[in-house]
Amino acid sequence: MIEVAAVVIRNPQGHVLTVRKKSSTKYQLPGGKPEKGEALVDAALREVAEEVGLTLDAENLNKLGTFDAPAANEPGEVVVGTIFTYIRTVTADEPHAAAEIGDTAWVDPAAPDRALAHLLRNRVFPALT
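Please read these numbers as outputs of a predicted model, since none were measured by experiment. (Residues numbered from 1 in each chain as written. Predicted model: local features only at pLDDT ≥ 70, side-chain atom pairs only at ≥ 80, totals over all residues. Heavy atoms only, no water.)

**Structural notes on the nonpolar core**
1) Next: Residues Val 8, Leu 29, Ile 83, Leu 119, Leu 120, Val 124 and Phe 125 are the most contacted members of the largest nonpolar core, which totals 19 residues.
2) Next: Of all the elements in the fold, those that place two or more residues in this core are β1 (2-10), β5 (61-70), β6 (78-89), β7 (101-107) and α2 (118-128).
3) Next: Setting aside residues up to four positions removed in sequence, Leu 29 forms contacts with Ala 6, Val 7, Val 8, Val 16, Leu 17, Val 19, Ile 83, Leu 120 and Val 124.
4) Next: Grouped together as the second largest cluster of nonpolar side chains are 18 residues, Ala 43, Ala 44, Leu 61 and Ile 101 included. (Core = buried A, V, L, I, M, F, W, Y, C linked by side-chain atoms within 4.5 Å. Buried < 20%, exposed > 50% of the residue type's maximum accessible area, 1.4 Å probe, protein only. Helix = DSSP H or I, 4+ residues; strand = E, 2+ residues; numbered from the N terminus. Contact = heavy atoms within 4.5 Å.)

**Some thoughts on the pattern of salt bridges**
1) Next: Across all of its chains, the model carries 6 salt bridges by this definition.
2) Next: With its nearest N and O atoms 3.9 Å apart, the salt bridge here joins Lys 33 to Glu 74. Of this pair, Lys 33 sits in the loop between β4 (31-32) and α1 (40-52) while Glu 74 is found in the loop between β5 and β6, placing the two residues 41 residues apart along the sequence.
3) Next: When its relative accessible area of 28% is taken as the criterion, Glu 74 is described as partly exposed.
4) Next: Taking the shortest distance from any N to any O, the salt bridge between Arg 46 and Glu 50 comes out at 3.4 Å. Of the two residues, Arg 46 and Glu 50 are both situated in helix α1; the distance of 4 residues between them amounts to about one turn of the helix.
5) Next: Judged by relative accessible area, Arg 46 falls into the buried class, the value being 18%.
6) Next: What makes Glu 50 partly exposed here is its relative accessible area of 38%. (Salt bridge = Lys/Arg side-chain N within 4 Å of Asp/Glu carboxyl O.)

**Describing the side chain of Glu 47**
1) Next: If you trace the backbone, Glu 47 turns up in helix α1.
2) Next: With relative accessibility at 9%, the residue Glu 47 sits in the buried group.
3) Next: What Glu 47 contacts, discounting residues up to four positions off in sequence, is Gly 31, Gly 32, Lys 33 and Glu 100.

**Things to note about the packing of aromatic side chains**
1) Next: Under the criterion given, the structure shown has 0 aromatic pairs.
2) Next: Here Arg 114 stacks its cationic end above the ring of Tyr 27, 5.1 Å away from the centre of that ring. (Phe/Tyr/Trp six-rings, centres within 6.5 Å; stacked < 30°, edge-to-face > 60°. Lys NZ or Arg CZ within 6 Å of the ring centre and 35° of its normal.)

**Topic: the pairing of β1**
1) Next: Of all 9 residues that make up β1, 7 are buried, and the element is covered over most of its length.
2) Next: The pairing of β1 with β6 spans 8 bridges and is classified as parallel. In the strand pairing of β6, Arg 10 is matched with Thr 89. (Pairing = 2+ DSSP bridges.)

**Quick notes on the UniProt feature "domain: Nudix hydrolase" (unreviewed entry) in the protein chain**
1) Next: Under the present numbering, the feature "domain: Nudix hydrolase" (unreviewed entry) in UniProt falls on residues 1-129.
2) Next: Between the C-alpha atoms that bound residues 1-129 the distance is 27 Å, and the span itself is 19% helix and 37% strand. (UniProt positions renumbered as here; feature names shortened; annotations may be inferred.)

Structure (structure tokens):
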């Protein structure tokens, strides 16, 4: 089981920011694995800053829930994601791909137009509606 923390970040049109690792074909939420002893909310904030260059405030995060699904990048593994929503919107030009991220994309959760990780497509997007 792989534990991760991630954040739903929306633009003014309601689309969700997704990231694709350089080594992957699937888009997922910005976020990642917590370091030893790190709180999940702190891991989510750190990973968002590392992956897309956004500095978010913890007081603007709400916990959406904890979901599990087959891992997108580790065959045979299950990912358990604690997902937070960022209550403010950001503009399309604010985030940028950094670290291991090859691309970012804004995705309409009601009509995804690209390959998404199972956790995002089958668990998180349905929870947003």
